[in-house]
Amino acid sequence: METKKNPNADLRKWSTPLFYFGLTCSLGICLTAFEWKSYPEGKLKEINSQTDIWEIPEVPISIQTPPPPPETAPPIVKEVPNDIKIDPEDFNIDINTEENVEIPVVALPESPPNVEPVDEILDFTEVQATFKGGMEEWTTYLKKNLTYPSQARRMGLEGVVLVRFVVNKDGSVQDVEVVRPLGGGCDEIALKVVANSPEWIPGKMGGRPVRSRMVIPIRFRLN
């Protein structure tokens, strides 16, 4: 079917140039409107040396004097004589005793009582403190009394807990503390096992038993 309209009269080919032309005109009008400057009508007032001088009123300077300090009366000092005589009849002391009973005189010792010095805890001794029976007995004691914590077993936790304690002269154990913890309940078990251990053989200095400090490892290992 042939078209009846002349191709030269088709205005659709000018749609794109006309669109851009209109867009350009709109942007130009907007920029001109923003940049347009307006001036007020009338003449500006000229300020020169012949204008009126402003009068500045003089403000009087007020000086405020501080209020006087409150008057305080000086304290009254009464002199008390140093030599005061006390009449023994003014004091009546009743100790529920008869007149014929003699009150013994309490004699205080001239020298102060002897205070025994606290034994020093030594970190290094000539003969180190040991468990009774040696390390084999100590290993046997740990196998019987050392239990693996359930929390550490669930976590798969293994390692060593360092425990520090003091061995007294009589072989007893005190001041048990953890130096290097492991966690998972292992620290509490290690403290309990060392604190409840049997008596040790104390350390010696110069052939005499002394208080000494020990550090021993407690190993936790899963089988």
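The rules behind the values
- Residues numbered from 1 in each chain as written.
- Predicted model: local features only at pLDDT ≥ 70, side-chain atom pairs only at ≥ 80, totals over all residues.
- Heavy atoms only, no water.
- 1 Å grid on protein atoms, 1.4 Å probe; cavity = no way out; pocket = protein on both sides within 12 Å on 5 of 7 lines; lining within 4 Å.
- Points joined across faces, edges and corners; volume = space filled by probe spheres on them.
- Helix = DSSP H or I, 4+ residues; strand = E, 2+ residues; numbered from the N terminus.
- Nonpolar A, V, L, I, M, F, W, Y, C, P; charged D, E, K, R; others polar.
- Phe/Tyr/Trp six-rings, centres within 6.5 Å; stacked < 30°, edge-to-face > 60°.
- Patch = residues over 30% accessible without salt bridge, like charges linked within 9 Å, V, L, I, M, F, W, Y side chains within 5 Å.
- Areas by Shrake-Rupley, 256 points an atom, 1.4 Å probe, with all protein chains shown as cover.
- Salt bridge = Lys/Arg side-chain N within 4 Å of Asp/Glu carboxyl O.
- Buried < 20%, exposed > 50% of the residue type's maximum accessible area, 1.4 Å probe, protein only.
- Pairing = 2+ DSSP bridges.

Of the volumes computed, that of the largest pocket is approximately 400 Å³. Lining of the largest pocket is provided by 15 residues; of these, L142, L146, R219, F220 and R221 occupy positions nearest its centre. Contributions of two or more residues to the lining of the largest pocket are made by α2 (134-145) and β7 (208-220). Of the residues forming the lining of the largest pocket, the biggest block, 4 residues, is contributed by β7. Residues that form the lining of the largest pocket fall into these classes: 8 nonpolar, 3 polar and 4 charged.

Time to look at the packing of aromatic side chains. Tallying each qualifying case throughout the model produces 8 aromatic pairs. Each ring, one from F19 and one from Y20, has its centre 5.6 Å from the other, and the planes form 70°; the classification is edge-to-face. Members of the aromatic cluster, joined through ring pairs, are F131, W138, Y141, F165 and W200.

Nonpolar side chains collect at one region of the surface, where F19, Y20, L23 and L27 lie side by side and expose about 450 Å² of accessible area between them. With respect to the secondary-structure elements, F19 resides in helix α1 (residues 15-35). The exposure class of F19 is exposed, given its relative accessible area of 54%.

Direction of pairing for strand β1 (residues 121-122) relative to β7: parallel, over a ladder of 2 bridges. For L122, the partnering residue across the bridge sits in β7 and is S212. Pairing geometry for strand β3 (residues 159-167) and β7, over 9 bridges, is antiparallel. Considered in β7, the bridge of V161 is made with I218. Pairing of strand β6 (residues 203-205) with β7, which is carried by 3 bridges, proceeds in the antiparallel orientation. Looking at the pairing, K204 lines up with P209 of β7.

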